[in-house]
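# Chains, contacts and geometry: an overview
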Amino acid sequence: MILHRFFGWSRPSLLCTLFLVGMLIGAPLPVTATEDLSEAEIRLRSGDVSGALSLFNLAAINGNLAAQNRLGLLYFSGVSVTKDPELAFRWFKKAADAGDAKSQFMLASLYFNGTGTVRDKMAALRYFELAAKQGDVDSQAMLGTLYYEGSGALRDYNLAVKWLTSAANLNNSLAQFVLAKLYHQGLGVTQDYAEAALWYQHAAKKGHPGAHFSIAAMFERGEGWPVDLAEAQKWYGLAAELDGPEAMFNLGRRLLEGDGLPKDVNSALDWFLKAAKADIAVAQLAAAQIYADETGIHFNQAAATKWFSKAADNGAADAYFTSGDRFDKAIGAEKDDQAAVRYYALAAGNGDAEAQYRLAVKLANGQGVKTDLSGAIGLYKEAALARHSRAALALGVAYASGIGVVRDIQVSADYFRIAAELGEIEAFFKLGRFYLTGALGFVDKGKAMAQFKAAAAKGFAPAQFQLGQIIMADAQNDRNLKTAVKYFKLAAKNGLADAQYKYATMLENGQGTAVDMALAAVNYEAAAEQGISLAQSKIGFMYKDGVGVKVDPERAIKWLKLAAKAGLANSQFAAATALFDGVGTPTDQIAA
């Protein structure tokens, strides 16, 4: 079972952080302590919104920074008033430009998110810095995070460390968490797992998202303290409840792997499914693998296919081929060539040779996609370069027939040689035919025999039959005939209809073997079942006359009628006689 370790870093984007800020602002607004706004606050709480706004506006127009900030918060949150981000932006900017730290923080947040104004990261940075320099802890945390997460001019790990350290020492959990990451990764500071662990623990005590997860990962990898899988599992458990789906996956992984701890597949699957429902691709893949395990108690092909395909849709490369294979073979879902093509294409794009081969087959045959011989040949070549034996064989066939490419027997032979080298039995047979027929510009019976023998030794019936034919044609004595019979018998046992018929005739005539009419009948009937008309005629007469089998008029007429339809005169006469006399069939003089 493939089970990825997904440690990640639970990176808290600024968008996520500012969302939390927005949630805070959307909470009930605090009472302003400024004395000259007390009447406005009283009116607001009593429901006199119009009166409160009049007083706030009057104070704000007269330069009261608290009033300006209050109006910004009201219009930003939409509490008691109609939400108006643009108006909120204007009031925050007026107060921020006049030096109000809280308004500078809010204005920076609006600039960063593009709320009520055009998004401007540099302006956001500037206002966070103004507020940070005034000692605003939230701004220091956000400024440090900006310098950590930013790109280009915004990224400065040294400044990130400076501002995050200041805010972390003032118990800001975001700052503690991001500062821990800097020590963990050695960015802007000397890498120090112990210091990272300390700050992660501070952030975890305050319930900061991602802190528990990071501590668990450090215990699992032995960073900052010895490897302790029990502690890792404990912290993943805490993280799963607080930090989200990545932690849920890792808790499931720990429960499934065990590594010295008790395994718990049931609980692991529960956590995988929780993470899977949040579109965590590795969790979807893990759940699929549990459902696909035929030896497990959760074996469920439909559920496996569902989660494999969801994992593939979410970018899990290890699920691409499996999803295609399951839709191709109708495993846990109805056969769906279009879905198979889609997933094979994803896997093929990642260099999966088997997927390239299967997609090529779909393109060549127009299964689930428009026929594209040129595209098929290209994919066969990619797979063949990766030493895919069946792709090399397919290219040999294509160049031999001129389907999708210009016919070229020499190139065909080259691909057959590659396929043979990679163990494709049919490739030996194809090369043998080239040597036997002179397709390469010369006949070499010895090389042909060598190729046929190589394929025959691996049970390839056409090669066994071909050897029988060659040896019989050159037979100078009974010993050679016995060798020919040996190969016909092998091919017959492997289900080749022509070999079954040929072996039956040799048994009937005692060529290279003792006469055995019963065994001859078995082989004639086997060949007849595969549509060999001469065999149908032979077994029909044997049932009619009781040769090698018991007389059976019904089976006799069955086979004689089939042989008659194929135009065999003696069978037509025998079938007509049976129909006229009503032997083995109702009398039908008209049909006779």
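Higher on the page you've got the structure.
Since this is a predicted model, take the numbers as computed values, not measurements.

## With respect to the overall build of the chain
- Of the regular secondary structure elements, the chain holds 32 helices and zero strands.
- For the chain, contacts bridging at least 24 residues in sequence account for 45% of all contacts bridging at least 6.
- Accessible area of the chain: about 27100 Å², with a carbon and sulfur share of 53%.
- Taking the average place of the 59 positive charges on the side chains of the chain and the average place of its 60 negative ones, the gap between the two points comes to 5 Å.

## As for the pattern of salt bridges
- Scanning all chains against the criterion turns up 27 salt bridges.
- The partner of Asp337 in a salt bridge is Lys335, and the shortest N-O contact between them spans 3.3 Å.
- The closest approach of N and O atoms between Glu525 and Arg555, which form a salt bridge, is 2.8 Å. In this pair, Glu525 sits in helix α29 (residues 517-529) while Arg555 sits in helix α31 (residues 553-565), placing the two residues 30 residues apart along the sequence.

## Considering the environment of Gln233
- Looking at where Gln233 falls in the secondary structure, it is placed in helix α13 (residues 229-242).
- Spatially, the C-alpha atom of Gln233 lies 10.0 Å from that of Phe213, the residues being 20 residues apart in sequence.
- Each residue touching Gln233, except ones within four places of it in the same chain, is listed here: Leu251, Arg254, Leu255 and Leu261.

## Focus on the packing of aromatic side chains
- If you walk through the whole model with that rule in mind, you get 18 aromatic pairs.
- Both rings, one in Tyr435 and one in Phe442, keep their centres 6.1 Å apart while their planes meet at 45°; by these two values the pair is tilted.
- Residue class for Tyr435 comes out buried when judged on its relative accessible area of 7%.
- Here the aromatic cluster, defined as three or more aromatic residues joined through ring pairs, consists of Phe89, Tyr111 and Tyr127.
- Seen from the ring of Phe112, Arg119 lies directly overhead, with NZ or CZ sitting 4.9 Å from the centre.

## Points about the environment of Ala340
- Secondary-structure assignment places Ala340 in helix α19 (residues 337-349).
- We classify Ala340 as buried; its relative accessible area is 0%.
- Between the C-alpha atom of Ala340 and that of Gly324, which follows or precedes it by 16 residues, the distance is 4.0 Å.
- With sequence-adjacent residues up to four places away left out, Ala340 is seen in contact with Gly324, Phe327, Asp328 and Lys362.

## Digging into the packing of helix α2 (residues 38-46) against helix α3 (residues 49-61)
- Between α2 and α3, whose axes approach to 7 Å, the crossing angle comes to 160°. Looking at the two axes, α2 sits roughly antiparallel to α3. Crossing angle aside, the handedness with which α2 passes α3 is left-handed. Across from Glu39, Ala40, Glu41, Arg43 and Leu44 in α2, the residues of α3 making contact are Val49, Gly51, Ala52, Leu55 and Phe56.
- When grouped by side-chain class, the residues that make up the contact of α2 with α3 number six nonpolar, one polar and three charged.

## A closer look at the side chain of Asp100
- Looking at the secondary structure, you find Asp100 in the loop between α5 (85-97) and α6 (101-113).
- At 8.7 Å, Lys102 is the nearest oppositely charged side chain to Asp100, a buried residue that forms no salt bridge.
- Within polar-contact distance, the side chain of Asp100 engages the side chain of Ser103 at 2.6 Å.

## Here we look at unusual backbone geometry
- At Ser80, a position not held by glycine, the phi torsion is positive, near 75°.
- Relative to the helices and strands, Ser80 is located in the loop between α4 (65-77) and α5.
- Its identity is not glycine, yet Asp279 carries a phi of approximately 65°, on the positive side.
- Looking at the secondary structure, you find Asp279 in the loop between α15 (265-276) and α16 (281-292).
- Residue Asp279 is classed as partly exposed on the basis of its relative accessible area, which comes to 48%.

## Some details on the environment of Ala330
- Looking at the secondary structure, you find Ala330 in the loop between α18 (317-328) and α19.
- When its relative accessible area of 37% is taken as the criterion, Ala330 is described as partly exposed.
- Taking the C-alpha atoms as reference points, Ala330 and Leu242, 88 residues apart in sequence, are found 39 Å from one another.

## Considerations on the side chain of Gln536
- Its location among the elements puts Gln536 in helix α30 (residues 533-545).
- Polar contacts involving the side chain of Gln536 include one to the main-chain carbonyl oxygen of Ala528, which spans 3.3 Å.
- Once residues lying within four places of it in the same chain are set aside, the contact partners of Gln536 are Ala528, Gly531, Trp559, Leu560, Leu562 and Ala563.

Procedures and definitions
- Chains are numbered independently. Their residues run from 1 in the order of the written sequence.
- Under the rules for a predicted model, residues below a pLDDT of 70 receive no local features and side-chain atom pairs below 80 are neither given nor counted, while totals for whole chains, interfaces and linings still include all residues.
- The basis for the side-chain values is all heavy atoms of the structure; hydrogens and waters are excluded.
- Strands are runs of DSSP state E lasting at least two residues, helices are runs of H or I lasting at least four, and both sets are numbered from the N terminus onward.
- Should any heavy atoms of two residues lie within 4.5 Å, those residues are counted as being in contact.
- To be clear on the numbers: accessible area is Shrake-Rupley with a 1.4 Å probe, and residue cover counts the displayed protein chains and nothing else.
- For the charge count, each Lys or Arg is scored as positive and each Asp or Glu as negative, with His and the chain ends excluded.
- The atom standing in for a charge is NZ when the residue is Lys, CZ when it is Arg, CG when it is Asp and CD when it is Glu.
- Salt bridges, as used here, are contacts in which a Lys or Arg side-chain nitrogen is within 4 Å of a carboxyl oxygen on Asp or Glu.
- Aromatic contacts are taken between Phe, Tyr and Trp rings whose centres are within 6.5 Å, Trp giving its six-membered ring; a plane angle under 30 degrees counts as stacked, one over 60 as edge-to-face, and the others as tilted.
- Only protein chains enter the area calculation, which uses a 1.4 Å probe; residues under 20% of their type maximum are buried, those over 50% are exposed, and those in between are partly exposed.
- Working rule: Lys NZ or Arg CZ, within 6 Å of ring centre, within 35 degrees of ring normal, means a charge sits over the ring.
- Axis lines are fitted to C-alpha atoms, over the contacting stretch for helices. Their N-to-C directions set the angle, which ranges from 0 to 180 degrees.
- For classification, angles of less than 35 degrees are called roughly parallel, those exceeding 145 degrees roughly antiparallel, those between 65 and 115 degrees roughly perpendicular, and all remaining angles oblique.
- Whether a crossing is left-handed or right-handed is set by the direction in which the near helix is turned from the far one by less than a right angle, anticlockwise for left-handed and clockwise for right-handed.
- The classification used treats Ala, Val, Leu, Ile, Met, Phe, Trp, Tyr, Cys and Pro as nonpolar, Asp, Glu, Lys and Arg as charged, and all other residues, Gly among them, as polar.
- Definition of a polar contact: a pair of N or O atoms within 3.5 Å, with one able to donate and the other able to accept a hydrogen when the atoms are protein atoms, and with sequence-neighbouring residues admitted only if both atoms are side-chain atoms.

Purely spatial values, then, with no claim about function.
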